[in-house]
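Descriptive structure summary
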Amino acid sequence: GKMAAPMSRGSRGPEPGAAPYGNFPNYSRFHPPEERVSLLPQGLLRSLFPAATRPLLGLDVGCNSGELSVALYQHLLGLQDSSSSPEPPGAGKELKLLCCDIDPELIQRAQQSSPFPASISFASLDIMDSRAREPFLSSYLQRFGRSSFDIGFCMSVTMWIHLNHGDRGLLEFLALLASLCTFLLVEPQPWKCYRAAARRLRRLGRDDFEHFRSLRINGDMAQSITRILTQECAMELVCSFGSTTWDRSLLLFKSTSAHPQGSD
């Protein structure tokens, strides 16, 4: 099913927690990007793709207003904080990052503030709407003569897909990412975050998430998502990079099916 459009915002922005798709306008203030990227080893891209001779393609799903996308890009390429300086020559030859989010206002903010417009593209997209998704992703990949992404990022997004689309939606979403990406970095929200999100909606007098009470996939979500990706989506767990201070694991998976790596 199609996600409804995000709520419009008043001049002071939405009330805290009134973001049914996780589209919080100041998300990175609460969960700073630095803490996530610091868990990732230096030189990760080169260790995953030692023989890459072309730009690597990355897909960041649910990028919010882009702060984490930019931090990931800088960290993976070993760049210092370049927000005040132009993009270093050659960086775009190594990594092109496509970042999408359901909220057009957040995407507009990301586009306006991005220090790397040549290498990081931001687009408003409901990833669960196949009619919008398939032509959009295909046209991006075709620009590089590619049929899949080298690496995908799914950072604190799985819960919002799960709450809004149910167990079936979560399974479809994970299968989609596994089919699109050779490597996949996932930061699942733990179950306590689901309960907190439902509580916030109730406190605001809003209807509960449609699927919350019927979710059969629950409990240890990092374990559940690992099981789904490894048993149902032809991926293997490569590494767990530990947890952030707000108790979210960073899990790296690799496709075990034949992605056309190296095709130009």
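Residues numbered from 1 in each chain as written. Predicted model: local features only at pLDDT ≥ 70, side-chain atom pairs only at ≥ 80, totals over all residues. Heavy atoms only, no water.

An unreviewed UniProt entry annotates the chain as RNA methyltransferase of Certhia brachydactyla. Its UniProt record gives the chain the following Sequence similarities (unreviewed entry) comment, quoted word for word: "Belongs to the methyltransferase superfamily." Quoted straight from UniProt, the Subcellular location (unreviewed entry) entry for the chain says "Cytoplasm". (UniProt positions renumbered as here; feature names shortened; annotations may be inferred.)

This next bit is on the sheet that holds strand β2 (residues 95-101). Read across the sheet, seven strands follow the order β3-β2-β1-β4-β5-β7-β6 without closing on themselves; strand pairing throughout is mixed. Strands at the two margins of the open sheet, each flanked by one partner only, are β3 (120-124) and β6 (235-243). For this sheet, the mean inter-axis angle between neighbouring strands, taken without regard to orientation, is 15°. When strand β4 (residues 149-155) meets strand β5 (residues 181-187), the two strands line up parallel, connected through six bridges. Residue Cys-154 lies in a different strand from β5, and its bridge partner there is Val-186. Its contacts with the sheet put helix α7 (residues 130-143) on β1 (56-61), β2, β3 and β4, and the angle it makes with β2 is roughly 170°. Along the sheet face, helix α10 (residues 221-232) touches β5, β6 and β7 (249-255) and points at about 5° away from the line of β7. (Pairing = 2+ DSSP bridges. Helix = DSSP H or I, 4+ residues; strand = E, 2+ residues; numbered from the N terminus. Axes fitted to C-alpha atoms, helices over the stretch in contact; angles between N-to-C directions. Contact = heavy atoms within 4.5 Å.)

The residue Asn-64 is not glycine, and still its phi comes out positive at about 55°. Its location among the elements puts Asn-64 in the loop between β1 and α4 (67-76). One non-glycine residue with positive phi stands out, namely Ser-156, at about 55°. By the element assignment, Ser-156 lies in the loop between β4 and α8 (158-180). On the basis of relative accessibility, which here comes to 7%, the residue Ser-156 falls in the buried class. (Buried < 20%, exposed > 50% of the residue type's maximum accessible area, 1.4 Å probe, protein only.)

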